[in-house]
Amino acid sequence: MRRVTYSMSVSLDGYIVGPDGGMDWGVPDEEIFRFWIEDVRELGVHLLGRRLYESMLYWETADQDPSLDAPRLEFAALWKALPKVVFSTTLSAVEGNARLVSGDVAKEIERLRAEPGEGDIAVGGATLAAEVAAAGLIDEYQIMVYPVLVGGGISFFPQHRSRVDLELVETRTYDSRVVYLRYRTARQDTA
């Protein structure tokens, strides 16, 4: 079965966006950008909320920017080809290799898991991830922790109504002092 992953860059105090809406603290260096290229290469589909979709629209036409270096062109090509599902009740259309859904994210994940295909199902955006987490569908949390305290903003971690146990399966420290943490959701057998 295809894994559902939630991965983003996060401040040490747990935010994906600071209180002023800024993300300048999370700009990836070349080593971390290479990580994100490889991460996207492993995806089968990316589920996005409206805000993340709108911020990632740049990559749909980035390949037309003559000033881009080879890694960014590589990322743009991978991102452009990646199937995307955008969850929004306010958008009327989406661009590129994306389709718009306004329905239940859990049903969409069930549908995607039932289809033949390879690669992870990635969830992007805190609001959408909170819905997926509430349904108990996140298999892995992949966190790129930046050594900064931003003091508030949008939290990476969805607020759960119940405890979620995690198993640490991978760590990596980069030259920039950024730490990658990959946790698998510890599922209890109910039989």
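Above this text sits the structure in question.
What you see is a predicted model, and the numbers here were worked out from it, not measured in a lab.

1. A word on the packing of aromatic side chains
Working step 1: For the coordinates displayed, the defined rule picks out 12 aromatic pairs.
Working step 2: Plain terms: the ring middles of Tyr6 and Tyr141 are 6.2 Å apart, the flat faces sit at 70° to each other, and that makes the pair edge-to-face. Taken together, the residues span a long stretch of sequence, with Tyr6 in strand β1 (residues 4-11) and Tyr141 in strand β7 (residues 140-146) at a distance of 135 residues. Assigned by exposure class, Tyr6 and Tyr141 land together as buried.
Working step 3: Ring geometry for Phe156 and Phe157: centres 4.8 Å apart, planes at 85°, overall edge-to-face.
Working step 4: When the ring centre of Phe33 is taken as reference, the NZ or CZ atom of Arg72 above it lies at 4.2 Å.

2. Overview of the nonpolar core
Working step 1: If you look at the biggest cluster of nonpolar residues, it comprises 29 residues, and the most contacted ones within it are Tyr6, Leu47, Val132 and Phe156.
Working step 2: Of all the secondary structure elements, the ones that give two or more residues to this core are β1, β2 (15-17), β3 (43-49), β4 (84-87), α5 (105-114), β6 (120-124), α6 (126-134) and β7.
Working step 3: Ranked by residues supplied to this core, first place goes to α6 with five residues.
Working step 4: For Phe156, the contacting residues outside a window of four places in its chain are Tyr6, Ser7, Met8, Val10, Gly14, Tyr15, Ile16, Tyr141, Gln142 and Ile143.
Working step 5: Membership of the second largest hydrophobic core comes to 19 residues, among which are Leu48, Trp59, Trp79 and Leu91.

3. Things to note about the packing of helix α1 (residues 30-41) against helix α4 (residues 70-81)
Working step 1: At a minimum axis distance of 10 Å, the contact between α1 and α4 shows a crossing angle of 25°. In terms of axis orientation, α1 runs roughly parallel to α4. Where α1 crosses over α4, the two elements pack in a sense that is left-handed. Touching Glu30, Phe33, Arg34, Trp36, Ile37, Val40 and Arg41 of α1 are Pro71, Arg72, Glu74, Phe75, Leu78 and Trp79, all from α4.
Working step 2: A per-class count over the contact of α1 with α4 returns eight nonpolar, no polar and five charged.

4. Details of the pairing of strand β9 (residues 166-173)
Working step 1: As defined by bridge partners, β9 adjoins strand β10 (residues 179-185) across seven bridges and the pair is classed as antiparallel. Note on β10: the bridge partner recorded for Leu168 is Tyr183.
Working step 2: Hairpin remark: β9 followed by β10, antiparallel, with five residues in the connecting loop; positive phi at Arg177, about 75°.

5. Section: α1
Working step 1: For α1, which comprises 12 residues, the first-to-last C-alpha distance of 17 Å matches the rise-based estimate of 16 Å (1.5 Å per residue) to within 8%.
Working step 2: Among the residues of α1, Ile32, Phe33, Phe35, Trp36, Ile37, Asp39 and Val40 are the ones counted as buried.
Working step 3: At the N-terminal end of α1, a side-chain oxygen is found 3.2 Å from the backbone nitrogen of Glu31, two or three residues along, and the residue is Asp29.

Calculation criteria
- Residues numbered from 1 in each chain as written.
- Predicted model: local features only at pLDDT ≥ 70, side-chain atom pairs only at ≥ 80, totals over all residues.
- Heavy atoms only, no water.
- Phe/Tyr/Trp six-rings, centres within 6.5 Å; stacked < 30°, edge-to-face > 60°.
- Helix = DSSP H or I, 4+ residues; strand = E, 2+ residues; numbered from the N terminus.
- Buried < 20%, exposed > 50% of the residue type's maximum accessible area, 1.4 Å probe, protein only.
- Lys NZ or Arg CZ within 6 Å of the ring centre and 35° of its normal.
- Core = buried A, V, L, I, M, F, W, Y, C linked by side-chain atoms within 4.5 Å.
- Contact = heavy atoms within 4.5 Å.
- Axes fitted to C-alpha atoms, helices over the stretch in contact; angles between N-to-C directions.
- Parallel < 35°, antiparallel > 145°, perpendicular 65-115°, else oblique.
- Left-handed = near helix turned anticlockwise from the far one by under 90°.
- Nonpolar A, V, L, I, M, F, W, Y, C, P; charged D, E, K, R; others polar.
- Pairing = 2+ DSSP bridges.
- Expected span 1.5 Å × (residues − 1).
- Polar contact = N/O pair within 3.5 Å; in protein donor to acceptor, adjacent residues only side chain to side chain.

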